[in-house]
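Residue-level listing of the chains:
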Amino acid sequence: MIRTEMTKSALQTARAAYQPKLPAALTGAVKAVEGAYTQSVADQQEIRARFPHTYGTPVITLEKSNEKKSTPPLHVGVILSGGQAPGGHNVIAGLFDGIKALHPDSRLYGFILGPGGLVAHQYRELTAEVIDEYRNTGGFDIIGSGRTKLEKPEQFDKGLEILKQLHVTALVIIGGDDSNTNACVLAEYYKQINAGVQVIGCPKTIDGDLKNEQIETSFGFDTACKVYSEVIGNIERDCNSARKYWHFIKLMGRSASHIALECALQTQPNVCIISEEVEARNLSLDEVVTQIATVVNQRALGGDNFGTVLIPEGLIEFIPAMKRLIAELNDFLVKHDAEFKMIRKSEQRAYVISKLTKDNSDLFASLPESVARQLTLDRDPHGNVQVSLIETEKLISEMVGKKLAKWKEEKIFQGKFAAQHHFFGYEGRCAAPSNYDADYCYSLGYTASCLIAAGKTGYMASVAHTTAPAEQWIAGGIPITMMMNMELRDGEMKPVIQKALVDLNGAPFKAFAAQRDAWALETSYLYPGPIQYFGPSQVCDMPTRTLQLEQGV
Ligand code: FBP
């Protein structure tokens, strides 16, 4: 049951009055200007063949117009898909204000608990009264979110029934790479059957891995990283006060290490592991552990038996040997699902060990029980191992502890080692959006309304140039097919949006790599403090270090 009236904190009350900034081009009548025709980032023939109706469309830039065109009332549906990210409510508020500006009788319907709500015909109308309760708030609770994968024609047809009933002619899907891939498949299907429903995507995910040359960041990344950096900074200060613990901090980000990297740039910890580097350097788990133990030892030699280590949650899947193990496990579990589930829990580990190829079997047998178990549990609906449930921070610290104990026997290590563990993920996903995310999200939603008015489908709303003041931001639409390539998923080649991993030649990683040796030995912690919503612009409106470095500002 979704409540429309809530008791508000003092911050919520004050924050409700915040008017998010918009790009200047969106503040009056808007026209959609077509740019160059596009092609997919790779596998052009294959992607074109799968998306004959939505492939190759031009990039759209929204510009100020001198004539206000009359638009009939629009009926629009909206879906929040996947993991929560700060700013989702502002995307919806921007969309609402945008369609109301086009025609005051426009209506917005939100589907409940993600894509599943469309298929199950569960929705609520989002009126001005409802929207006003949620402006500038964190969370996705206005309609809830879910991970149901929207990919089958039966689901699309079922969804179309309710869209027709509500006279909805456009659907906005707010999601990550998988959800936007599905939005594109849906756009193609509705266009092919002439359903009269446009589909527009919006780039969401705290993980920061839905970005490319056209989409400069996914919303939520800014706020989530600021929340984590605040607490990492607090831990660092505690650590530097007591001087007796090594803190192992796992950070969300299912695959890419953007969050860990951004938090490292904001807090300057002693160690930060970047999964993409581990993979590129073909490091084994033992080598990662040795790297950390070496820093612990070096600091101990200087009398510092304390420190902080950041670990991205996706690390396990990037260690090449683990990657091979997970690939075989995925394949094995799909093929032997029924048989595996029949086996008693206590015997499943031995069963898997007996079935895997030699190297993978040895590695699986060497893993702590909890990690091995997690690797055999159900995948999420998109086929992902649920890495947020794997206690990598404990696994690594345990292994570091063992290595140091051995080094102690060998008289290599003479310090002390006591560990504390933390996992920051869910804490940051529903925080009240920073000014950056509040403005960016509102602009994305407003942009989506303009793309709908311009009759576009299969596009992702884009707002670029966001390190500049908001008036100068450039809003538009990017054909989703442009971001696609073919990848192996569930044993089949499928068209998907290419995930953006940390670029080891990119400016953010280079800035980190240039400083990490100094951070390892010196105690150079930075304490960013909590997100500020009111105060000087250089504190309140600052984008992430990642974005600043990427844009050279
Ligand atoms: P999205 O990619 O859907 O935005 O979700 C990202 C994420 O927050 C990951 O960082 C994390 O591994 C995962 O969701 C956790 O999923 P769940 O909320 O289902 O536990």
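It should be noted that the structure appears before, not after, this text.
Just so you know, these numbers come straight off a predicted model, no measurement behind them.

A. Layout of the side chain of Ser81. Along the polypeptide, Ser81 turns up in the loop between β3 (75-80) and α3 (88-102). A distance of 2.8 Å separates polar atoms of two side chains, one belonging to Ser81 and the other to Ser179. The residues contacting Ser81, other than those within four sequence positions of it, are Pro115, Ser145, Gly146, Ile173, Ile174, Gly175, Ser179 and Lys204.

B. Here's a closer look at empty space enclosed by the protein. Applying the stated rule across the entire model yields four cavities of 30 Å³ or more. Reported here for the largest cavity is a volume of approximately 70 Å³. Lining the largest cavity, in full, are Phe340, Lys345, Gln348, Arg349, Val352, Phe364, Glu369, Ala372, Arg373 and Thr376. When contributions to the lining of the largest cavity are tallied by element, the ones reaching two or more residues are α15 (345-355) and α17 (369-376). Looking at the lining of the largest cavity residue by residue, the classes come out as four nonpolar, two polar and four charged.

C. Highlighting unusual backbone geometry. In this structure, Asn194 is a non-glycine residue whose phi angle is positive, near 60°. Along the chain, Asn194 falls in the loop between α7 (177-192) and β7 (198-203).

D. Structural view of the nonpolar core. Ile92, Leu108, Val172, Tyr228 and Leu251 are the most contacted members of the largest nonpolar core, which totals 72 residues. For this core, the element with the highest residue contribution is helix α20 (residues 435-453), accounting for 10 residues. Those residues within four positions of Val172 in sequence are excluded, and the remaining contacts are Val76, Gly77, Val78, Ile79, Leu95, Ile200, Cys202, Ala448 and Ile452. In this structure, Ile311, Leu375, Ile390 and Leu395 belong to the second largest nonpolar core, which totals 45 residues.

E. Molecular detail of the packing of aromatic side chains. Considering all chains together, one arrives at 14 aromatic pairs under this definition. Pairing Tyr442 with Tyr446 gives two aromatic rings, centres 6.2 Å apart and planes at 40°, and the pair type is tilted. One end of the pair, Tyr442, and the other, Tyr446, are both in helix α20, four residues apart, so they sit about a helical turn from each other. Using a relative accessible area of 12% as the deciding quantity, one classes Tyr446 as buried. An aromatic cluster is present here, built from Tyr109, Phe111 and Tyr123 joined pairwise through their rings. One cation-aromatic arrangement involves Arg15 over Tyr18; the distance from NZ or CZ to the ring centre is 4.3 Å. Positioned over the ring face of Phe364 is Arg349, at 5.9 Å from the centre of the ring.

F. Structural detail: the pattern of salt bridges. Throughout the structure, instances matching the rule amount to 27 salt bridges. By sharing partners, the salt bridges in this structure join Lys21, Asp439 and Asp541 into a single network.

G. Up close: helix α6 (residues 153-165). With 13 residues, α6 extends 18 Å between its outermost C-alpha atoms, agreeing within 8% with the 18 Å of an ideal straight helix rising 1.5 Å per residue. Those residues of α6 lying buried are Gln155, Phe156, Gly159, Leu160, Ile162 and Leu163. Angular distribution of buried residues about the axis of α6 spans 165°; they occupy a single face of the element. Those residues of α6 that are exposed and aimed more than 90 degrees away from the buried face are Glu154 and Gln165. On its buried side, α6 packs onto β4 (107-111), α4 (115-119), β5 (123-125), β6 (170-175) and α7. Phi for His167, located one or two positions after α6, is positive at around 60°.

What counts and how
Residues numbered from 1 in each chain as written. Predicted model: local features only at pLDDT ≥ 70, side-chain atom pairs only at ≥ 80, totals over all residues. Heavy atoms only, no water. Helix = DSSP H or I, 4+ residues; strand = E, 2+ residues; numbered from the N terminus. Polar contact = N/O pair within 3.5 Å; in protein donor to acceptor, adjacent residues only side chain to side chain. Contact = heavy atoms within 4.5 Å. 1 Å grid on protein atoms, 1.4 Å probe; cavity = no way out; pocket = protein on both sides within 12 Å on 5 of 7 lines; lining within 4 Å. Points joined across faces, edges and corners; volume = space filled by probe spheres on them. Nonpolar A, V, L, I, M, F, W, Y, C, P; charged D, E, K, R; others polar. Core = buried A, V, L, I, M, F, W, Y, C linked by side-chain atoms within 4.5 Å. Buried < 20%, exposed > 50% of the residue type's maximum accessible area, 1.4 Å probe, protein only. Phe/Tyr/Trp six-rings, centres within 6.5 Å; stacked < 30°, edge-to-face > 60°. Lys NZ or Arg CZ within 6 Å of the ring centre and 35° of its normal. Salt bridge = Lys/Arg side-chain N within 4 Å of Asp/Glu carboxyl O. Expected span 1.5 Å × (residues − 1). Arc of directions from axis to C-beta.

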